[in-house]
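Chain by chain, the residues:
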Amino acid sequence: MTRRLAGLTLAVALLAACTALRERFPGPDVLFVATPEAVSLQMLKVAAVTAEDLVFDLGSGDGRVVIAAARDFGARGVGVEIDPKLVSVSRDAARAAGVESRAKFLWQDLFVTDLTGATVVTLYLRDDVNLKLRPKLLRELAPGTRVVSHDFDMDDWEPDRVERVRGPVREHRLYFWVIPAGAAGTWQSRVGEGAAAPLALTQRFQMLTGSLGADAVRGRLSGRRIELAAGGLTLRGVMRDDIIEGEATAAGAPALRWTARRAS
Ligand SMILES: C[S@@+](CC[C@H](N)C(=O)[O-])C[C@H]1O[C@@H](n2cnc3c(N)ncnc32)[C@H](O)[C@@H]1O
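Summary of the structure given here.

Reading the values: the criteria
- Residues numbered from 1 in each chain as written.
- Predicted model: local features only at pLDDT ≥ 70, side-chain atom pairs only at ≥ 80, totals over all residues.
- Heavy atoms only, no water.
- Pairing = 2+ DSSP bridges.
- Helix = DSSP H or I, 4+ residues; strand = E, 2+ residues; numbered from the N terminus.
- Contact = heavy atoms within 4.5 Å.
- Phe/Tyr/Trp six-rings, centres within 6.5 Å; stacked < 30°, edge-to-face > 60°.
- Buried < 20%, exposed > 50% of the residue type's maximum accessible area, 1.4 Å probe, protein only.
- Expected span 1.5 Å × (residues − 1).
- Arc of directions from axis to C-beta.
- Polar contact = N/O pair within 3.5 Å; in protein donor to acceptor, adjacent residues only side chain to side chain.
- Axes fitted to C-alpha atoms, helices over the stretch in contact; angles between N-to-C directions.
- Left-handed = near helix turned anticlockwise from the far one by under 90°.
- Nonpolar A, V, L, I, M, F, W, Y, C, P; charged D, E, K, R; others polar.

**Observations concerning the pairing of strand β9 (residues 197-204)**
- Pairing between strand β8 (residues 185-191) and β9: 5 bridges, direction antiparallel. Within the sheet, the bridge partner assigned to threonine 186 lies in β9 and is alanine 200.
- Taking the residues that link successive antiparallel strands as the turn, the β8-β9 hairpin has 5 residues, and the phi of glycine 192 there is positive, at about 55 degrees.
- Pairing analysis gives 6 bridges linking β9 to strand β10 (residues 207-212), with the strands arranged antiparallel. The partner of arginine 204 across the bridge, within β10, is methionine 207.
- In textbook terms, the turn of a hairpin is the stretch between consecutive antiparallel strands, and for β9 and β10 this stretch comprises 2 residues, one of which, phenylalanine 205, has a positive phi near 55 degrees.

Have a look at this one:
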């Protein structure tokens, strides 16, 4: 092999290695800007974090949200960060705070992170990055998982709540969602001892529309909890697999048991 050919072969091999490395460790989608401590605390309060929770901060920066979840709420936390220096800073800070057994940090692209087991996800990214992440959140997170995003929304996925928090220099917005269960389809609904009536539901994120017998239905989901308004009735229940159990109320009448069984 001539020197020239050997040089060319080496250059091609190096380029392929760089491309593979870049695919594995792409650059950050957003630069590091820390959430003020008081605002991170409020994010965890909005999500009602407890010691039972596993909190994932996607794009965890210096680790402050995960460390606060472990230190101040007794939760377990996982920070996912693409910058190895920030991962190292976070691990040191978790050790200094005495929470290294409950606060773990992964050097990883958040778009490939396995979110299994997360009960709370916190974000401080950007609106376009949230939008790119949205299908993964809806696909991988269990119904009932709480998501809080600092300053950035999720386009047409309306938040369940928005809170404004005063930080040291400006006002911050916290957007809150609960991952909805899947309720779309047809159900056989029964109120009290009445006859079964067909309930047809169409779902867009947590919002529900459809019909119950001849009445139009509007409603929403919060995780597995469902609330519907149909005719003069309010139906509230919890979905477990293919059954909803709860109660039906109408103005001036005692509450009745409500059940619905999935038909399709
Ligand atoms: C605005 S900072 C937020 C840091 C921290 N969550 C907080 O609230 O203080 C965003 C962080 O996301 C990281 N990041 C950007 N793109 C990422 C990606 N694809 N995977 C993992 N981390 C990423 C950045 O390096 C940066 O530290």
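**Quick word on the side chain of arginine 146**
- Along the chain, the position of arginine 146 falls in strand β5 (residues 146-150).
- If near-sequence neighbours (up to four positions away) are discounted, arginine 146 is found in contact with Ala47, Ala48, Val49, Asp53, Thr119, Val120, Val121, Phe176, Trp177 and Val178.

**Notes on the packing of aromatic side chains**
- As enumerated under the stated definition, the model contains 4 aromatic pairs in all.
- Between the aromatic rings of tryptophan 157 and tryptophan 177, the centroid separation amounts to 5.5 Å while the plane-to-plane angle is 40 degrees, which identifies the pairing as tilted. With tryptophan 157 in the loop between β5 and β6 (161-166) and tryptophan 177 in strand β7 (residues 171-178), this pair connects stretches of sequence that are 20 residues apart. When sorted by exposure, tryptophan 157 lands in the same class as tryptophan 177, which is buried.
- Ring geometry for tyrosine 175 against tryptophan 177: centres 6.2 Å apart, planes inclined by 25 degrees, an arrangement best described as stacked.
- A residue is classified by how much of its surface remains accessible, and tyrosine 175, at 9% relative accessible area, is buried.
- The rings of Trp157, Tyr175, Trp177 and Phe205 are connected pair by pair, giving a single aromatic cluster.

**So, the environment of threonine 122**
- On the secondary structure map, threonine 122 appears in strand β4 (residues 120-123).
- Assessed through its relative accessible area of 0%, threonine 122 is described here as buried.
- Along the primary structure threonine 122 and arginine 161 are separated by 39 residues, whereas in three dimensions their C-alpha atoms are 14 Å apart.

**Looking at helix α4 (residues 84-96)**
- Over its 13 residues, α4 runs 18 Å from end to end, which matches the ideal 18 Å to within 8%, given 1.5 Å per residue.
- Burial in α4 covers these residues: Leu86, Val87, Ser90 and Ala94. For α4, the buried positions fall inside an angular range of 105 degrees around the axis, keeping them on one side. Opposite the buried face of α4, at more than 90 degrees from it, the exposed residues are Lys85 and Ala96.
- Looking at the buried side of α4, the elements it contacts are α3 (64-73), β2 (76-81) and β3 (103-107).
- With a side-chain oxygen lying 2.9 Å from the backbone nitrogen of lysine 85, the N-terminal cap of α4 falls on aspartate 83.

**A look at the packing of helix α2 (residues 37-46) against α3**
- Between α2 and α3, the least distance of the axes is 10 Å, while the angle of their chain directions is 65 degrees. Handedness of the crossing formed by α2 with α3: right-handed. Contacts between α2 and α3 involve Glu37, Ser40, Leu41, Leu44 and Lys45 from the first element and Arg64, Val65, Ala68, Ala69, Asp72 and Phe73 from the second.
- Along the lines of polarity and charge, the residues of the contact of α2 with α3 split into 6 nonpolar, 1 polar and 4 charged.

**Structural notes on the sheet that holds β6**
- Ordered in space as β3-β2-β1-β4-β5-β7-β6, the 7 strands form an open sheet in which the pairing is mixed. Both edges of this open sheet fall to β3 and β6, since each of them pairs with a single strand only. Going from strand to strand, the sheet's axes swing by 20 degrees on average, the running direction of each strand aside.
- Here α2 sits on the sheet in contact with β1 (54-58), β4, β5, β6 and β7, set at roughly 25 degrees to β7.
- Running over the sheet, α3 touches β1, β2, β3 and β4 and is turned about 160 degrees from β3.

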